[in-house]
Amino acid sequence: MTATETAHAVDPERGTLAKAADENFPVAPFFLPRAWRTDLMAVYGFARLVDDIGDGDLAPGGADARLLGVPEDRADDRLLMLDAFEEDLRRVFAGTPRHPLLRRLVPTVRRRALTPAPFLGLIAANRQDQLVARYETYDDLLAYCELSANPVGRLVLAVTGTSTPERIRRSDEICTALQIVEHLQDVAEDLGRDRVYLPAEDMKRFHVQESDLAAPSANASVRALIAYEAARARDLLNEGAPLVGSVHGRLRLLLAGFVAGGRAALNAIAAADHDVLPGPPRSGKVHLLREAGVVLRGEG
């Protein structure tokens, strides 16, 4: 067990929240008001834990299962764990949750008048991951992103008190784009979990077989497919980017960071000549800051 896994086994709340530093985008940066940072980290803790349950990435030792009231010998049953997690989520809105990350969420839900819907959407997405491992069309993938990604942006708007129908629409475009970018970065890792988020119709169009995705590096067909999906993600980011200009102050900086994180990741994929199979291409902080400046100036 690594030092990180040991720490998580001892303190699952802290171990999960520590993963915020590895995300493509800033989760709760220092420049936000403290109350916002507190509430955004509470939301992040929920979202990160539900993804870890769905991906089987919980730390060894069964601490999370015990907290959720799941027998330790059933901790690997992801659907059972998700059911228990949903039951504990409902205690956030009526009762006292068992898991410390959900107890952390209680004051945020009350302070911001959050509803169960976006949280339930994230749980539903992870249930779908246990049952659906391939997506036939791009529209099918977008429907999955509606559950797996868009609720996060809606929660950010709700926490900051800035939700409007138009902002939600733009936020959905950004969040869907970020989810697609993550899928592109993680093609090899997802295949190792027997999941493929590249639409089957697009794979056929570019003459890509699943066996091609298992290679150490991408052939020309795979690179063309990744470039095609990356262009789709960039278009979505561009469509959602006016959200940044619709708000002011420090929230504008935060949302610019989301868009910039997606663009910087796409630039890193392009710089790798769209070969994502050796591992996720990553961008540095300098590139992220440069992209954030572009977004804030409304130049792209």
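Residues numbered from 1 in each chain as written. Predicted model: local features only at pLDDT ≥ 70, side-chain atom pairs only at ≥ 80, totals over all residues. Heavy atoms only, no water.

A. Main features of the packing of helix H10 (residues 165–185) against helix H14 (residues 220–240). Running from N to C, H10 and H14 cross one another at 155°; their axes reach a closest spacing of 7 Å. Put simply, H10 runs roughly antiparallel to H14. The handedness of the crossing between H10 and H14 is left-handed. Across from Arg170, Glu173, Ile174, Thr176, Ala177, Leu178, Ile180, Val181 and Leu184 in H10, the residues of H14 making contact are Ile226, Glu229, Ala230, Ala233, Leu236, Leu237, Glu239 and Gly240. Of the residues belonging to the contact of H10 with H14, the class tally is eleven nonpolar, two polar and four charged. (Axes fitted to C-alpha atoms, helices over the stretch in contact; angles between N-to-C directions. Helix = DSSP H or I, 4+ residues; strand = E, 2+ residues; numbered from the N terminus. Parallel < 35°, antiparallel > 145°, perpendicular 65-115°, else oblique. Left-handed = near helix turned anticlockwise from the far one by under 90°. Contact = heavy atoms within 4.5 Å. Nonpolar A, V, L, I, M, F, W, Y, C, P; charged D, E, K, R; others polar.)

B. Looking closely at the environment of Ala65. Looking at the secondary structure, you find Ala65 in helix H4 (residues 63–68). Taking the C-alpha atoms as reference points, Ala65 and Phe85, separated by 20 residues in sequence, lie 9.3 Å from one another.

C. Just the packing of helix H7 (residues 117–131) against helix H8 (residues 138–148), in detail. Packing of H7 against H8 brings their axes to within 7 Å, and their N-to-C directions diverge by 135°. Classified by the angle between their axes, H7 and H8 sit oblique to one another. Facing H7, whose interface residues are Gly121, Leu122, Ala124, Ala125, Gln128 and Asp129, H8 presents Tyr144, Leu147 and Ser148. Of the residues in the contact of H7 with H8, the class split is five nonpolar, three polar and one charged.

D. Quick look at the packing of aromatic side chains. Enumeration according to the criterion identifies eight aromatic pairs in this entry. Their ring planes at 25° and their centres at 5.1 Å tell us that Phe46 and Phe85 sit as a pair that is stacked. Linking Phe46 in helix H3 (residues 34–55) with Phe85 in helix H5 (residues 78–93), this pair joins segments that are 39 residues apart in sequence. With respect to class, Phe46 is no different from Phe85; both count as buried. Between the aromatic rings of Phe206 and Tyr228, the centroid separation amounts to 5.3 Å while the plane-to-plane angle is 45°, which identifies the pairing as tilted. Here the residue Phe206 occupies a position in the loop between helix H12 (200–205) and helix H13 (210–213), and Tyr228 occupies one in helix H14, the gap between them amounting to 22 residues. With a relative accessible area of 17%, Phe206 lands in the buried category. Here Arg232 stacks its cationic end above the ring of Tyr138, 3.8 Å away from the centre of that ring. (Phe/Tyr/Trp six-rings, centres within 6.5 Å; stacked < 30°, edge-to-face > 60°. Buried < 20%, exposed > 50% of the residue type's maximum accessible area, 1.4 Å probe, protein only. Lys NZ or Arg CZ within 6 Å of the ring centre and 35° of its normal.)

E. How the structure looks around the side chain of Arg195. In this structure, Arg195 sits in the loop between helix H11 (187–192) and H12. For Arg195, a relative accessible area of 5% gives the class buried. In this structure the side chain of Arg195 is engaged in a polar contact, spanning 2.9 Å, whose partner is the backbone oxygen of Gly54. Beyond its immediate sequence surroundings of up to four residues, Arg195 is in contact with Gly54, Asp55, Arg78, Asp129, Gln130, Ala133, Arg134 and Asp190. (Polar contact = N/O pair within 3.5 Å; in protein donor to acceptor, adjacent residues only side chain to side chain.)

F. Representation of unusual backbone geometry in the model. For Asp194, which is not glycine, the phi torsion reads 60° and is therefore positive. Inspection of the secondary structure puts Asp194 in the loop between H11 and H12. A residue is classified by how much of its surface remains accessible, and Asp194, at 46% relative accessible area, is partly exposed. One non-glycine residue, His207, adopts positive backbone phi at about 60°. Mapped onto the fold, His207 is located in the loop between H12 and H13.

G. Inspection of the pattern of salt bridges at higher detail. Under the definition given, this model contains 27 salt bridges. We note a salt bridge from Asp39 to Arg111, for which the minimum N-O separation is 2.5 Å. Highlighted residues: Asp39 in helix H3 and Arg111 in helix H6 (residues 100–112), separated in sequence by 72 residues. Across the salt bridge formed by Asp172 and Arg154, the nearest N and O atoms sit 2.6 Å from each other. (Salt bridge = Lys/Arg side-chain N within 4 Å of Asp/Glu carboxyl O.)

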